[in-house]
Amino acid sequence: MSDPHRTTVWPALQAHDPDLVIRTLVALGFEETAAYRDEAGVVQHAQLDWPEGGGVMLGCHKPDGPFTQQPGTTAAYVVASDVDEVHRRAVDAGLDPSPVVEQDYGSREVRVTDPEGNQWSFGTYAGEPRRG
């Protein structure tokens, strides 16, 4: 029987400087679960978990790889119960977050761009309940 709380969708991104993206996401509240490096010390694969559930995978940019994307082109929404804390952490990390915004659908949200240009939105909206 499968675990209903197991993360089964993993957004994945590539970075010119994966260590910088990892440090940035950890500063925002992600936890570095794994980072696998090649002989030169370059991150080939990393797993970062969000404490409230879910996570992302990332590694160095491989322009000729079978699964490639341009660094800085990812956008992700992260459910965060304490958006003000994410905002504070972003400021402390030297990032330039948006102000915390109260959305008309009830969510409190903040946007942050990481050093490679990926867009991260953190908000209290956790999605609608599943049907059936």
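A brief structural summary. (Residues numbered from 1 in each chain as written. Predicted model: local features only at pLDDT ≥ 70, side-chain atom pairs only at ≥ 80, totals over all residues. Heavy atoms only, no water.)

Another point: the overall build of the chain. When you go through the chain residue by residue, the secondary structure sums to 2 helices and 8 strands. Reading the chain from its N end, one meets helices and strands in the order β-α-β-β-β-β-α-β-β-β. In terms of overall size, the chain behaves like a compact globule, its C-alpha atoms giving a radius of gyration of 16 Å where 132 residues would be expected to give roughly 14 Å. Along the first, second and third principal axes, the C-alpha atoms of the chain reach 50 × 45 × 20 Å. (Helix = DSSP H or I, 4+ residues; strand = E, 2+ residues; numbered from the N terminus. Rg over C-alpha atoms; globule rule 2.2 N^0.38 Å.)

Another point: the sheet that holds strand β2 (residues 31-37). Strand pairing in a sheet is mediated by backbone hydrogen bonds. Such pairs are either parallel or antiparallel. Strand order in the open sheet formed by 4 strands is β1-β4-β3-β2, and the pairing between neighbours is mixed. Because the sheet does not close on itself, it has two edges, and the strands there are β1 (12-15) and β2. Strand-to-strand, the axes of this sheet are offset by a mean angle of 20 degrees, without reference to chain direction. Note: β2 against strand β3 (residues 43-49), 6 bridges, orientation antiparallel. The residue of β3 that forms the bridge with A35 is A46. (Pairing = 2+ DSSP bridges. Axes fitted to C-alpha atoms, helices over the stretch in contact; angles between N-to-C directions.)

Our focus in this paragraph is the packing of aromatic side chains. Each pair of aromatic rings is reported with the distance of its centres and the angle of its planes. Taken as a whole and judged by the stated rule, the model has 4 aromatic pairs. With a centroid separation of 5.9 Å and 70 degrees between ring planes, the pair formed by F30 and W120 is classed as edge-to-face. With F30 in the loop between α1 (18-28) and β2 and W120 in strand β8 (residues 119-123), this residue pair connects regions lying 90 residues apart in the sequence. An aromatic cluster is present here, built from F30, W50, W120 and F122 joined pairwise through their rings. (Phe/Tyr/Trp six-rings, centres within 6.5 Å; stacked < 30°, edge-to-face > 60°.)

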